[in-house]
Amino acid sequence: MNTLCSILPRVHFTSSYLKPSALPKSLILSPNLGFCVPKSLRSSSPISLRFRVFLRSRSSGFHLESQLSEEEEEEEEEEEFEDDDDDDVAADEYYDVSGDVSDGVDQSDDEGEYSVDAAEGTTRLEEFKWQRVEKLCNEVREFGEELIDVDELASVYDFRIDKFQRLAIKAFLRGSSVVVSAPTSSGKTLIAEAAAVATVARKRRLFYTTPLKALSNQKFREFRETFGDSNVGLLTGDSAVNKDAQILIMTTEILRNMLYQSVGMSSSGDGLFHVDVIVLDEVHYLSDISRGTVWEEIVIYCPNKVQLICLSATVANPDELAGWIGKIHGRTELVTSPKRPVPLTWHFSTKRTLLPLLDETGTKMNRKLSLNYLQLNASGIRSRRDDGKRRDDGRRKNSRKRVNEMNYDDNGSISGQPLSKNDINTIRRSQVPQITDTLWQLEEKDMLPAVWFIFSRKGCDAAVQYVEDFSLLDDCEMSEVELALKRFRLQYPDAVRQSAVKGLKQGVAAHHAGCLPLWKSFIEELFQRGLVKVVFATETLAAGINMPARTAVIASLSKRSDSGRSQLTSNELLQMAGRAGRRGIDERGHVVLVQTPYEGAEEGCKVLFSALEPLVSQFTASYGMVLNLLSGSKVTRRSNVSEDMKSAQMGRTLEEARKLIEQSFGNYVSSNVMLASREELTKIKREIETLTLEISDDAIDKKSRKILSGAAYKEITNLQEELRAEKRLRTEQRRRMESQKISSLKPLLEEFETGQLPFLCLQFKDSDGVQQAVPAVYLGKVESLDGSKLKNMVSSDDAFVPNAAREDSTSDIGPTLDPSYYVALGSDNSWYLFTEKWIKTVYKTGFPNVALAQGDALPREIMRMLLDKEEMKWEKLSDSEFGGVWCMEGSLETWSWSLNVPVFSSLSEQDELLHTSEAYNEAIESYKEQRTRVARLKKKIARTQGFKEYKKIIDATKLTEEKIKRLNARSKRLTNRIEQIEPSGWKDFLQISNVIHESRALDINNHVKFPLGETAAAIRGENELWLAMVLRNKILLELKPAQLAAAVLLI
């Protein structure tokens, strides 16, 4: 007991900081103690108390972490006797020392005193992580490297390592490079850590690369706790610490630059100074458009003698990545694991409640989150089940009838009453929760702590200020935060973020790139100690930063990008969701999606159930790449250069550079996977052709002759021939109806070209097959918008030419089809470009084309001007032979105009103009009559004598058609995949090298790099050559410091 008590003044609980003076000698847990016990501890039973003691580093002192468990003593004893050889069982907890002290309870008066046997405590305290690492290193030095095996490395940890971790370590020890693909927070870093233990024991070096400086800083702290300060270094754009250490943590670009410096030397491997292993963390960044090429360059330039350990989140094609590395770098083994150590539960937050996102099966959306269910609840209509519980039998029938008339599906559409886009937006806006609403829901369901992802720095800071009066800490926890903040302020007075202090004292904080690294580290420490309950963070935090929480909240399913607003991919969603669930603490992690004005549960399920995206090569040639590959090391002006030095300074030839470029991931995939994909695509096309022949009219006729009697076959054949003729007439009548509609609308719309701006109804089906009806105000015919960007775009792009207009119409079924394009502003503040096909009706009422005030422009002129300001980024919503319907988001200036477009309920049917056309009404009636004749003929066929046998043939045909559809879908996916993996071109490299040569940055013949080239080669970014030209301009020398800073900022 004295041994344990001797270290108590230097301990802290992970959920709250303990003052040394507050700890009694006998460690009494009582409400009268002078330290704070977390809420989770106070609510647990004190009968089964277990301590977890661990040492963070040799210089940090002992730390004691306490944890209460509600398991029975018998269950704990059973766990001790589990089969240790079962590699399939993942570790349930991470702990270093665990002692069950329930047997040592000595009750005295009203206090329960818990003691720990001193000898047992001494034995357990001997085995801390850094001590075990040092012990293993000493044994290796004494007995040789043969001692190192997977069991010895696994013994460093106080828990059973997972099967995939063991397989990866074995592959590494065999001398192979390793690609590991596993879910976020599954323990991939352990593999790199084990490799570091083996490397340090062999007195060699390991480089650990990450895509982010914040992640590098965190790994630096974690590895120093395990290996000691002297064995770990850090190299980022901001800092360089202990660069010659055996373990060097760095950002990925730093390593690429190191490889650049040695790429032209006669022995490029010498530049890595005895490096045996390079760890590429978050290697799935290879697909990043702006930075992905860095990962490919590292793999290409890295010496083959260096082992690579590539750690990736779950992706669709890890086998392709492993195959590529194996081909260009050497033997590589792939290790994958689909399992998460902590399973996830998905939720959806609305204004009123927090509901499960999925149904009981976990394969479909919870029907209570459908748009129509929300609409029914909002209108006071209850479901059939609720009506049955609350109403008597007489009224129950009526309620059932009413609900049956308004059936709803998962897409939110109502049978016979499709929700318009305006209705959908209205429902979604009414369900959007405030931050405090969702926060209350999380606290009520005990789902804190949480990481809350918001895709902007300003949004994170604004969220903290919004809830800074919402206290999540008790008085004791608040005092601990104030004490920690006071200490931080004394140590780093300039690093305190004053705007975040108030929120921090309430248990909320922001974490993003706009915060200083010291402040972010402080937030991470408080979060891990349980003193910060909610962290509002950008998606950067999802990239491997160790801040596990019970819950991950994703504020939106879309984010802004360089090309506009884009929806999250399934990979990005799962990467953020992976922050949920603390191993050894939480039985389940929770992921909460939040209702927004633009996205609901349907979009969430669509992203969640979509397939994982494959890694796609982003390898592109740049000015910096060409300069560094062709020029080699820096050329000095000394004349007495030795032959060896000249040889070392010579860069690569174009042929050598070409061999490197052709080793890109994209070229590998294109040469191997594309070949396999094309073979499968050919096979699918052949199968489709075979199946298509099986369902042809001739094939069906042969089967019918074989099964049916002569009389039955003749009867059905005659009726089927008659049915085909009637269907052809139906198609002609439909085309006549559409043609007559176009002819009737043209004069109506021409009348409004100079008068008022009428309201109209646009109707179309979106990509999900949901019928949309949008009220809009008509602006005019595109051909009449002289000089506008829209007219130029439509007239010059063949995509806007209707198929009907491309064909010579020789049919006499109706007026000549000549659809035209029109433009209107919808009530949802979106511009719509459409032909007559998509107009359901036109109304007499509209905006009067009269100036609002004397001297103002007319409304039509104002709207034309606002339309011409847009960037013309049109998205096709639907298409037909009579032209398509396109959509483009409006601006803030058009918002006030869209608000004045009335909803359909306020428009009168008597104001509709289209149905006043007698010719159009006659065409509609003729089409309806023909549809009726087709339906009657189908019923007549169903009553024939041999129809049952004939129906079997038809059903088999339908199954074959479904199979053809699936094969076509697979063919489409393969075609898209082939388009994605087109090889990167050598032509781009040659074009850039010619530009560099012409601009006097590099002489590609003798590889001499001129001053302009030296500057461009040192720049890491886009347009390096242009930036170098600007920076070397003599005008900058004449600027004052403030002017120079402003110029550099603009650059």
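Just so we're clear, the structure is a prediction, and the values are computed from it rather than from any experiment.

### Some thoughts on the overall build of the chain
The number of helices and strands found in the chain is 39 helices and 31 strands. A total of 1051 residues make up the chain; the buried ones form 50% of that total. If you take every contact in the chain between residues at least 6 apart in sequence, the share linking residues at least 24 apart comes to 74%. Element-wise, carbon and sulfur atoms account for 49% of the exposed surface of the chain, whose accessible area totals about 52,900 Å².

### Some points on the packing of helix H5 (residues 129-143) against helix H9 (residues 213-227)
Packing of H5 against H9 leaves a shortest axis separation of 7 Å and a crossing angle of 60 degrees. Classified by the interaxial angle, the pair formed by H5 and H9 is oblique. The residues of H9 that touch H5, namely those facing Lys129, Trp130 and Val133, are Glu225, Thr226 and Phe227. A per-class count over the contact of H5 with H9 returns 3 nonpolar, 1 polar and 2 charged.

### Quick look at the packing of helix H37 (residues 1011-1018) against helix H38 (residues 1024-1031)
Two elements in contact, H37 and H38, have axes separated by 8 Å at closest approach and are oriented at 120 degrees. Compared by their axis directions, H37 and H38 come out oblique. Classified by chirality, the crossing of H38 by H37 is right-handed. Judged by residue contacts, Leu1012, Thr1015 and Ala1016 of H37 engage Glu1024, Leu1025, Ala1028 and Met1029 from H38. Of the residues in the contact of H37 with H38, the class split is 5 nonpolar, 1 polar and 1 charged.

### Considerations on the side chain of Gln441
Examined against the element boundaries, Gln441 turns out to sit in helix H17 (residues 435-444). Judged by its relative accessible area of 8%, Gln441 is buried. If we ignore the near neighbours within four places in the chain, the residues touching Gln441 are Ser349, Thr350, Lys351, Arg352, Thr353 and Leu354.

### Re the nonpolar core
Counting residues in hydrophobic clusters, the biggest one holds 62 residues, and the most contacted among them are Ile278 and Trp324. Among the elements that make up this core, the one with the highest residue count is helix H11 (residues 292-301) (6 residues). Not counting residues within four places of it along the chain, the set of residues in contact with Trp324 comprises Leu286, Glu296, Val299, Ile300, Gln663, Ser664, Phe665 and Tyr668. Residues Leu344, Val496, Ile554 and Leu593 belong to the second largest nonpolar core, which totals 48 residues.

### Let's talk about the packing of aromatic side chains
One pass over the structure, following the stated rule, counts 18 aromatic pairs. Aromatic pair Trp519 and Phe522: ring centres 5.6 Å apart, planes at 50 degrees, arrangement tilted. One end of the pair is Trp519 and the other is Phe522, both in helix H21 (residues 517-528) and 3 residues apart, which spans about a single turn. Among the residues examined, Trp519 registers a relative accessible area of 1% and is labelled buried.

### Brief notes about the sheet that holds strand S9 (residues 240-241)
The mixed open sheet is built from 8 strands, whose spatial order is S9-S8-S10-S7-S11-S12-S6-S13. Of all strands in the sheet, those bounded by a partner on one side alone are S9 and strand S13 (332-336). Across the face of the sheet, helix H8 (residues 189-201) comes into contact with strand S6 (177-181), strand S7 (205-210), strand S10 (247-251), strand S11 (275-280) and strand S12 (307-312) while running at roughly 155 degrees to S7. Sheet contacts for helix H12 (residues 318-329): S6, S12 and S13; angle to S13, the most-contacted strand, approximately 165 degrees.

### Things to note about a positive patch on the surface
Residues Arg936, Lys939, Lys940 and Arg943 make up a contiguous surface patch of positive charge. For Arg943, the position within the fold is in the loop between helix H34 (918-942) and helix H35 (947-980).

### Things to note about the sheet that holds strand S24 (residues 771-781)
If you trace the 7 strands from one edge of the open sheet to the other, you get S27-S23-S24-S25-S26-S29-S28, paired in antiparallel fashion. Edge positions in the open sheet fall to strand S27 (839-847) and strand S28 (875-878), since each of these has one partner strand only. Neighbour to neighbour, the strand axes of the sheet diverge by 35 degrees on average, direction disregarded. Pairing of S24 with strand S25 (residues 822-826) involves 5 bridges; the strand directions are antiparallel. Its bridge partner being in S25, Tyr778 is matched across the sheet by Ala824. Against the sheet, helix H33 (residues 892-899) touches S25, strand S26 (830-834) and S27, its axis set at about 80 degrees to S25.

### Regarding a nonpolar patch on the surface
Together, Leu1031, Leu1044 and Val1048 line one region of the surface with nonpolar side chains, adding up to about 220 Å² of accessible area. Here Val1048 lies in helix H39 (residues 1041-1050).

### Some points on the environment of Gln431
Looking at the secondary structure, you find Gln431 in helix H16 (residues 421-431). Judged by its relative accessible area of 7%, Gln431 falls in the buried class. In this structure the C-alpha to C-alpha distance between Gln431 and Thr350, which are 81 residues apart in sequence, comes to 5.3 Å. Residues contacting Gln431, with those up to four places away along its chain left out, are Thr350, Lys351, Arg352, Leu374 and Gln595.

### With respect to the side chain of Ser898
Inspection of the secondary structure puts Ser898 in helix H33. The class of Ser898 is buried, set by a relative accessible area of 1%. One polar contact links the side chain of Ser898 to the main-chain carbonyl oxygen of Trp895, over a distance of 2.7 Å. Excluding residues within four positions of it along the chain, Ser898 makes contact with Leu825, Gly826, Ser827 and Asn829.

### A few points about the environment of His915
Topologically, His915 is positioned in the loop between H33 and H34. For His915, a relative accessible area of 41% gives the class partly exposed. Sequence separation of His915 and Thr841 is 74 residues, and the distance between their C-alpha atoms is 7.8 Å. Setting aside residues up to four positions removed in sequence, His915 forms contacts with Tyr920 and Asn921.

Scoring rules and cut-offs
Residues numbered from 1 in each chain as written. Predicted model: local features only at pLDDT ≥ 70, side-chain atom pairs only at ≥ 80, totals over all residues. Heavy atoms only, no water. Helix = DSSP H or I, 4+ residues; strand = E, 2+ residues; numbered from the N terminus. Buried < 20%, exposed > 50% of the residue type's maximum accessible area, 1.4 Å probe, protein only. Contact = heavy atoms within 4.5 Å. Areas by Shrake-Rupley, 256 points an atom, 1.4 Å probe, with all protein chains shown as cover. Axes fitted to C-alpha atoms, helices over the stretch in contact; angles between N-to-C directions. Parallel < 35°, antiparallel > 145°, perpendicular 65-115°, else oblique. Nonpolar A, V, L, I, M, F, W, Y, C, P; charged D, E, K, R; others polar. Left-handed = near helix turned anticlockwise from the far one by under 90°. Core = buried A, V, L, I, M, F, W, Y, C linked by side-chain atoms within 4.5 Å. Phe/Tyr/Trp six-rings, centres within 6.5 Å; stacked < 30°, edge-to-face > 60°. Pairing = 2+ DSSP bridges. Patch = residues over 30% accessible without salt bridge, like charges linked within 9 Å, V, L, I, M, F, W, Y side chains within 5 Å. Salt bridge = Lys/Arg side-chain N within 4 Å of Asp/Glu carboxyl O. Lys, Arg positive; Asp, Glu negative; His and termini not counted. Charge placed at Lys NZ, Arg CZ, Asp CG, Glu CD. Polar contact = N/O pair within 3.5 Å; in protein donor to acceptor, adjacent residues only side chain to side chain.

Keep in mind these values describe shape, not function.
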